[in-house]
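Chain and residue survey
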Amino acid sequence: MADTDALDSLWRRSEALTALYATLELTAPLPPLGDWAIDPLFAVCLVNVVLDCRPGPRVVVECGSGASTVVTAAALRRYGIDGHVTSLEQDPDFADVTRAYLRRHELDAFATVHTAPLVDGDHGFGVWYDTSALETLAGDVDLLVVDGPPTAGTSPLARGPALDVMAGRLAPGARVLVDDAMRPGEQQVLQRWSHDHPEVDFSLLLTGNGAALGLKR
Ligand SMILES: C[S@@+](CC[C@H](N)C(=O)[O-])C[C@H]1O[C@@H](n2cnc3c(N)ncnc32)[C@H](O)[C@@H]1O
């Protein structure tokens, strides 16, 4: 039975990878998917959410840069969406790596990675990214992607402030896509968000590590 599950999981990821390369019209390989980066199933989810937001999303904010930044920017380009990803990344080295991938894919016009250290900000919600980069957003946020800060070396609840800080900046109909939604820390965060931010309806999506999709009424 375990072998069948492993084969099924491998098959679903292969299918997702094929779908990604077939639909995004990439001219270079994606960053390695899985492990710290989003897995192919989450990447497909991300593309589908971008499509569901049509004609947007114009304003995308991402917590935690990497493969997800490239996939989102590529989806904006592929579908002719006049949107931009503002990615918050606390680690200057990872920020540089993601910027290099964006350049290689000629996606600089669709995404900007900001080095945003984790600080005890004046938003009053505890340690989270420095929010200076959010001052220049082109409008309310249509899509918020939550895949950082890293929980390793911080806290299993490190992603908790994301919605507290961003709730007031979400456009009506905005989507909030959360990776690793099946982990105990994220489950706790999602439960609290459902209580504190009832205007955003969350449901679980079936991807490898679990994804939660919130829709702001
Ligand atoms: C879950 S990762 C974000 C991944 C990103 N969304 C992607 O798809 O690649 C969260 C954070 O972990 C850090 N990180 C990424 N890869 C790492 C690695 N191999 N080792 C340690 N930290 C890493 C980066 O600071 C990143 O923002």
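In the block above lies the structure referred to throughout.
For the structure given in this document, a descriptive report is provided here. Sequence order as written defines the numbering, with residues in each chain counted from 1. Given that the model is predicted, a residue must reach a pLDDT of at least 70 before its local features are reported, and side-chain atom pairs must reach 80 or more before they are shown or counted; all residues, however, enter totals for whole chains, interfaces and linings. Side-chain measures were taken over the full set of non-hydrogen atoms in the model, leaving aside hydrogen atoms and water.

**A word on the environment of valine 113**
Note on conventions: DSSP H or I runs of at least 4 residues are helices, E runs of at least 2 residues are strands, and numbering of each starts at the N terminus. Tracing the sequence through the fold places valine 113 in strand S3 (residues 111-115). Each residue is assigned to one of three classes by its accessible area relative to the maximum for its type, calculated with a 1.4 Å probe on protein chains only: buried under 20%, partly exposed between the two thresholds, exposed over 50%. Judged by its relative accessible area of 5%, valine 113 falls in the buried class. With 25 residues separating them in the primary sequence, valine 113 and leucine 88 have C-alpha atoms 6.2 Å apart. Not counting residues up to four positions away in its chain, the partners in contact with valine 113 are Ser65, Thr69, Ser87, Glu89, Ala95, Thr98, Arg99 and Leu102. The contact criterion used is simple: two residues touch if any of their non-hydrogen atoms lie within 4.5 Å.

**Points about the nonpolar core**
For this analysis, a nonpolar core means a set of buried residues of the types Ala, Val, Leu, Ile, Met, Phe, Trp, Tyr and Cys, connected via side-chain atoms within 4.5 Å. Core analysis: the biggest nonpolar cluster contains 35 residues, and Leu24 and Val71 have the highest contact counts within it. Taken together, the elements giving at least two residues each to this core come down to helix H1 (2-24), helix H2 (40-52), helix H3 (67-78), helix H4 (92-104), S3, strand S6 (141-146) and strand S9 (211-216). Beyond its immediate sequence surroundings of up to four residues, valine 71 is in contact with Leu24, Leu30, Ile38, Ala43, Leu46 and Val47.

**Let's talk about the site of the ligand**
Around the ligand, a shell composed of 15 residues is seen, among which Ala67, Ser68, Glu89, Gln90 and Asp147 lie nearest. Glycine 64 has a polar backbone atom sitting 3.0 Å from a nitrogen atom of the ligand. Pairs of N or O atoms within 3.5 Å make up the polar contacts considered here, provided that, within protein, one atom can donate a hydrogen while the other can accept it, and that residues adjacent in sequence are counted only when both atoms are side-chain atoms. Between the ligand and glutamate 89, the relevant distance is 2.6 Å, taken from an oxygen atom to a side-chain nitrogen or oxygen of the residue. The residue inventory of the shell around the ligand, partitioned by class, reads six nonpolar, five polar and four charged. When we say a residue is near a molecule or strand, we mean one of its heavy atoms is within 4 Å of it. Just so you know the grouping, Ala, Val, Leu, Ile, Met, Phe, Trp, Tyr, Cys and Pro go in nonpolar, Asp, Glu, Lys and Arg go in charged, and all remaining residues, Gly too, go in polar.

**Section: unusual backbone geometry**
The bulk of non-glycine residues show a negative phi, and the bulk of peptide bonds are trans. That bond from glycine 56 to proline 57 is cis: its omega, -5°, falls within 30 degrees of zero. For proline 57, the position within the fold is in the loop between H2 and strand S1 (59-63). The step from glycine 148 to proline 149 runs through a cis peptide bond, and the omega angle for that step is 0°. When you line up the elements, proline 149 lands in the loop between S6 and helix H5 (161-166). Although it is not a glycine, glutamate 25 adopts a positive phi angle of roughly 50°. The topology assignment puts glutamate 25 in the loop between H1 and H2. With relative accessibility at 53%, the residue glutamate 25 sits in the exposed group. Positive phi outside glycine occurs at glutamate 106, with the angle close to 55°. Its location among the elements puts glutamate 106 in the loop between H4 and S3.

**Side note on the environment of aspartate 196**
Structurally, aspartate 196 is set in helix H6 (residues 184-196). Aspartate 196 sits in the partly exposed class, given a relative accessible area of 37%. In sequence terms aspartate 196 and leucine 163 are 33 residues apart; their C-alpha atoms lie 9.4 Å from each other.

**Observations concerning the pairing of S3**
Side chains on a regular strand alternate between the two faces of the sheet. A pair of strands is labelled paired if DSSP reports no fewer than 2 bridges between them. Note: strand S2 (residues 84-89) against S3, five bridges, orientation parallel. Within S3, the residue paired with leucine 88 across the bridge is histidine 114. By convention, orient the strands away from the viewer: a clockwise path from the first strand over the helix to the second makes the crossover right-handed. In the classification by handedness, the crossover that spans S2, the intervening H4 and the parallel S3 is right-handed.

**Some thoughts on the pattern of salt bridges**
Whenever Lys or Arg places a side-chain nitrogen within 4 Å of a carboxyl oxygen from Asp or Glu, that contact is recorded as a salt bridge. In total, this model carries 12 salt bridges according to the counting rule given. As a salt-bridge pair, arginine 159 and aspartate 180 come within 3.0 Å of each other at their nearest N and O atoms. Pair noted here: arginine 159 is in the loop between S6 and H5 and aspartate 180 is in the loop between strand S7 (170-179) and H6, with a separation of 21 residues, a long-range link. A single burial state applies to arginine 159 and to aspartate 180, both of which are buried. Linking aspartate 196 and arginine 192 is a salt bridge whose minimum nitrogen-to-oxygen distance equals 3.1 Å. On the criterion of helical spacing, the pair formed by aspartate 196 and arginine 192 is a turn pair, its members being four residues apart in helix H6. With relative accessibility at 33%, the residue arginine 192 sits in the partly exposed group.

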